[in-house]
Structure formats: structure tokens, C-alpha cells
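Summary of the model geometry
Each chain, letter by letter, is given below.
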Amino acid sequence: MRKLIILVIIVAFSVNLSKAQSVYLPYSYQLDQKFNSSVYSLQSSLHTSLKPFLIDSTLSPTYNAIMNRGVDSSRKSWIVRKIFNEHVFDVKTKEYTFYADYLPDLLIGRDFSDKITTNLNTRGYQLGGTVGDKFSFYSSGFENSAKFAGYYNDIVNSYAFIPGQAYNRSYHGQPTGSQDWSYVTAIISYTPIKQLNITLGTDKTFIGDGYRSLLLSDFSANYPLLRLTANLGKVQYMMMWAYLEDINLPKFDSFGSNRRKWAAFHYLDWNVTNRLSLGFFNALIAQEADDNGKFHGFDANYINPLFFSSSLGPSSAQPDNVLVGFTGKYKIFDKTAIYGQLLIDNFKASDFFSGSNNMDNTNGVQLGIRGADLFKVKSFNYLFEYNSVKPYTYASPQAITSYSDYSLPLGDPLGANFREFIGILNYSIGNFDFMGQVNYAKYGLDPANMNFGKDPFKATTSASTTTTSIGQGIPTTLRYAEGTVSYLINPKYNLRFELGGLIRDEKNDAGSRKTTQITFGLRSTFRSIYHDF
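The paragraphs below set out a description of the structure included in this document.

1. Quick word on the nonpolar core
- Ranked by internal contacts, the top residues of the largest apolar core, which has 66 residues, are Trp181, Ile207, Leu216, Phe265, Phe281 and Tyr403.
- Excluding residues that lie within four positions of it along the chain, Trp181 makes contacts with Leu120, Phe142, Glu143, Asn144, Ser145, Ala146, Phe148, Ile162, Gln165, Ala166, Tyr167 and Arg169.
- Ranked by size, the runner-up nonpolar core spans 13 residues in total, among them Leu25, Leu46, Ala337 and Phe526.

Next up, the structure:
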């Protein structure tokens, strides 16, 4: 109730003070890559590595083009316009705007390898709007039931959670063949002055220019957050606080449910020139209560605007988990950029620069290239990316302070102890959209009751602090290919018919798990639903 009262006060305050635009753009790679031609233009000075974006004058032309793709202004019938051109509800006045849509996601398919007829039945909504030119709001919600392909169903049962979304309500301690879940996104955004945005709600944040992020990705579930973003010309600075949960550890907190933890993040992005950007990232994960049930709550030191270290938290034999990262981007051509990330979890200079593979250094590296108009073909977007993370990265001596939410990684879906290569092509022409993706990864799985460093949720112990190498454990290879062809019906909420197919092969000495699947259905939204792991 206290949180609700605070939220209402902020909304009321924002409405009364309502004039700098702060329209929220929900993040997904599918939508984000459609902005490649504008954000990676040599003429653009936009900060590209912090998402979701807020629509400004730089993004508005591309955004309007996406939202009006295929729209036929000659359609006069109300029902025809609602089906093909417009939001279901759409109100625009000088004082405020409001829109709302019904979001179906209905798929039927076949997993030929496991002989399963798959389906997805989603009923959703989205609504959003603005009050004045300083305040905006957005919410979406989805009620889902599904029968997944065999490999994905095994992953869901292992987590008891739909990756990136919500609890599997069908799971009661035993694996299930059908899944049921729901979740909501809800944010309010206030821009009191052009240089500052304040966002409050339950959502995700993505840091980086890649398809994956080793620093902070959108793979985990939504979490309550307060995010402050300052835009000072060439410098963008973000501070965020979040409230995370764990679903596997023993429950003893005052809520009678999951154990919880605080998370605090800094990110600073500096556009050195229109071509070159450099960034610094810092994250801290702190348990709300230790393993003995002793609570310490939110510590005032977490409001520190400069740098987090494990010494900031309350004095304890169970310290906080602190990570540091760096980002870089360089536009080598117009509409083309190379980018990278360096994640540092544990660091010891003497071993780091000598190339030692012991546990004193756990880190990750990302390198990639992305852009638009490949081979000078308009709307032909592309990305090629390499990611590598050493064993035991993101983990902590206490499982509760691992870099995770609901026991899902806050970084790459593969966790740690892996190398992966990803290539994605997307081409749009008229109302048709074509997407192709390939993944190749090598990683080390954990034998039963052992920890070779892939799962960040497993606590590190003295037995873990030995020489390490990527792929240790059970060496495993993953090959994945996916393609979709879709026909756009209504651009306002990406309503489309979509035909998709995927081939997946996970192989090690224990055997091979192969999947071949096709799907077809009526889909909507740009939400991220990852299957490529």
C-alpha cells in the first residue's frame, strides 16, 4: 500500500507540473533494429546503448515511419481502420494523448523431433499516453497458456519459470507438459527538464548495442525499478535501483515468499564524437537478509552516485556482489557500427595481464558489428556478434547475491563458461518482413552435484577456486537456426501473420538433443521471447 501511495503522489505531481518529451518505447531487439539507419547514422549523436529509448526529435521520423508502415489513408470504414491502420482506442488532444490495444498472440506448431503439437494462446493488452509534454505512461499485460517444444519445455521445468516472463503456474514441484503464466509491464515517465528523466514502475533495462548484453540484459523477468537518466549533451548518466527476487532459496522473509535482494546500477555513456562512444557500468547486488534471516533493508550507501564497491554495504561476513563493465562503439561507416563490452567480476591485475586462468579473474567479452542497408539494400539490417564469459562469472559465495533475478541470469542467457557467435539478418519490404538467425555456442555443462561455473546461481566455494578454462565440465556444442516470414496487418501494435521455423542441436558425449519445429499464427507486439539457448 505504501508503494502505491508513493506512485500516486508522483503521478499527481507529474500531471500538475506538466512541458520536454518523454514518450516510452518498449524495448525488444526486433523493434530496436528497425532504428539502425537513424541511430547509427554519422549525423546522429544519439546515445544508443541505454534502452528502452525515449522518443525524441531524433527518433520521431523513424518511429512514425514504423508506426505507419502499410497504412492506407483511403480506408474510411471505422472497423477497417481499426483492424489495419489505427490503435483500437486512440485519443489525441492538446492536453493529453491516450491509446489502447488488444494484443493476441496465437500460434500452432509442430515439434517433429519430440512429436509434440505445440501452441501458444496469449490474450494481452497495451495502453499508453502522455499528459502535457513532460509526463507519459505505458502498460502491457499478458495472460498466457502454451505447450512448448520439448527442449524449451525442459528449460521451463528446470527453472519453474518462463524465461524472461513469469512463474509457471502449472508447476507444482513436478515437470509439466503444458504451461500457464501471466505478467505485466507498467511504467510512468516524467521529464521535468530536458536534461533529466525519471522512470518508475516494473520493467527491464538493457545496456549495450548488441543482441545480447553481458552487463544488463532483458532475459530476466520484469522487476520494480526507479531509474534516473541525465542527458548532458555528449554525456548520458543513468542511476537505477531495483528489487529482485530468488525462487529457489529457503523462504523466511517477512513476506512469507521469495527471498529478496536489492540491486543498484550506474551507467555513464560518453559520445566522444558522433562516431565514437565509450561507457562505464557498475552494478551492486545486496541481499535483503543474510542466511540467518537477519534483515538490513535498503542501505543509504546505495544512493552513492559515483561508484559501488563491496565495502559500501553493511559490515557482514556475507558481502555484496559488485561488477564493473565497459562499453564501446565506433561507427566505421554511415549506418554501420562496431561495438563491444568488457565485464569484470573478480579482478587481480597480476593474473589478468599474465593470462592466468585462475578464479582471481572472472570476466566476459563481447565484440560485434551491426548496421542498416546491407549491400545498399534499404531496410536490410544485420548484426554479427561474439560473446565469451569465463566460468564462475556473475556468481557469488552466497547464492542470494548472484547476478540473477528469479534465478535467471541478468546477463547472457547462457550464464557463464561459454563462447557464442550470433548472426541476424532482417529485411522488410512492403508489408512483408523476413528474419533469419544462426547461433553457434560452446559451453561446459555441470555434472550432477558439481559446479564447473556455468550456472551463476550456484555459490562459489573454495573448491571452485582452481584453474579454470571456458568449456570445462561436460563440453557441449549448441547449433541453432531460426527463420520467420511475416505479413504486417496493423503497424500500431505489430499485428501480423507469421510463419516460423527453427532447428536446434545440443550435443555432447552424453548424446544429442535435436529439435525441428515449425509454427504459424496471428501475432502482435514487439515483446522479446527468447528461444535461442
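Back to the text.
2. A word on the packing of aromatic side chains
- For the structure on display, the rule yields 25 aromatic pairs.
- Taking 6.5 Å as the distance between ring centres and 55° as the angle between the ring planes, the aromatic pair formed by Phe219 and Tyr530 counts as tilted. Residue Phe219 is located in the loop between strand 12 (206-207) and strand 13 (223-232), and its partner Tyr530 is located in the segment after strand 27 (511-523); the two are separated by 311 residues in the primary sequence. Pair check on accessibility: Phe219 and Tyr530 agree, each one buried.
- Here the aromatic residues Tyr29, Phe148, Tyr151, Tyr152, Trp181, Tyr211, Phe219, Tyr530 and Phe533 are joined through ring pairs into a cluster of three or more.
- We note Lys454 situated over the ring of Tyr443; from NZ or CZ to the ring centre the distance is 4.9 Å.
- Between the NZ or CZ atom of Arg527 and the centre of the ring of Phe142, over which it lies, the distance is 4.3 Å.

3. Quick look at the pairing of strand 5 (residues 96-111)
- With four bridges connecting them, strand 4 (residues 89-92) and strand 5 associate as antiparallel partners. Note that in strand 5 the partner of Val91 across the bridge is Phe98.
- Here strand 4 hands over to strand 5 after three residues, the two strands then running antiparallel side by side.
- Relative to strand 6 (residues 116-131), strand 5 runs antiparallel, the two sharing 16 bridges. The partner of Tyr96 across the bridge, within strand 6, is Val131.
- Where strand 5 hands over to strand 6, the hairpin turn is made up of four residues, of which Lys115 adopts a positive phi near 55°.
- Here strand 5 runs beside strand 27; their pairing, made up of six bridges, is antiparallel. Paired with Gly109 across the strands is Thr519, a residue of strand 27.

Parameters and conventions
Residues numbered from 1 in each chain as written. Predicted model: local features only at pLDDT ≥ 70, side-chain atom pairs only at ≥ 80, totals over all residues. Heavy atoms only, no water. Core = buried A, V, L, I, M, F, W, Y, C linked by side-chain atoms within 4.5 Å. Buried < 20%, exposed > 50% of the residue type's maximum accessible area, 1.4 Å probe, protein only. Contact = heavy atoms within 4.5 Å. Phe/Tyr/Trp six-rings, centres within 6.5 Å; stacked < 30°, edge-to-face > 60°. Helix = DSSP H or I, 4+ residues; strand = E, 2+ residues; numbered from the N terminus. Lys NZ or Arg CZ within 6 Å of the ring centre and 35° of its normal. Pairing = 2+ DSSP bridges.

Function-wise, these values are silent; they only describe arrangement.
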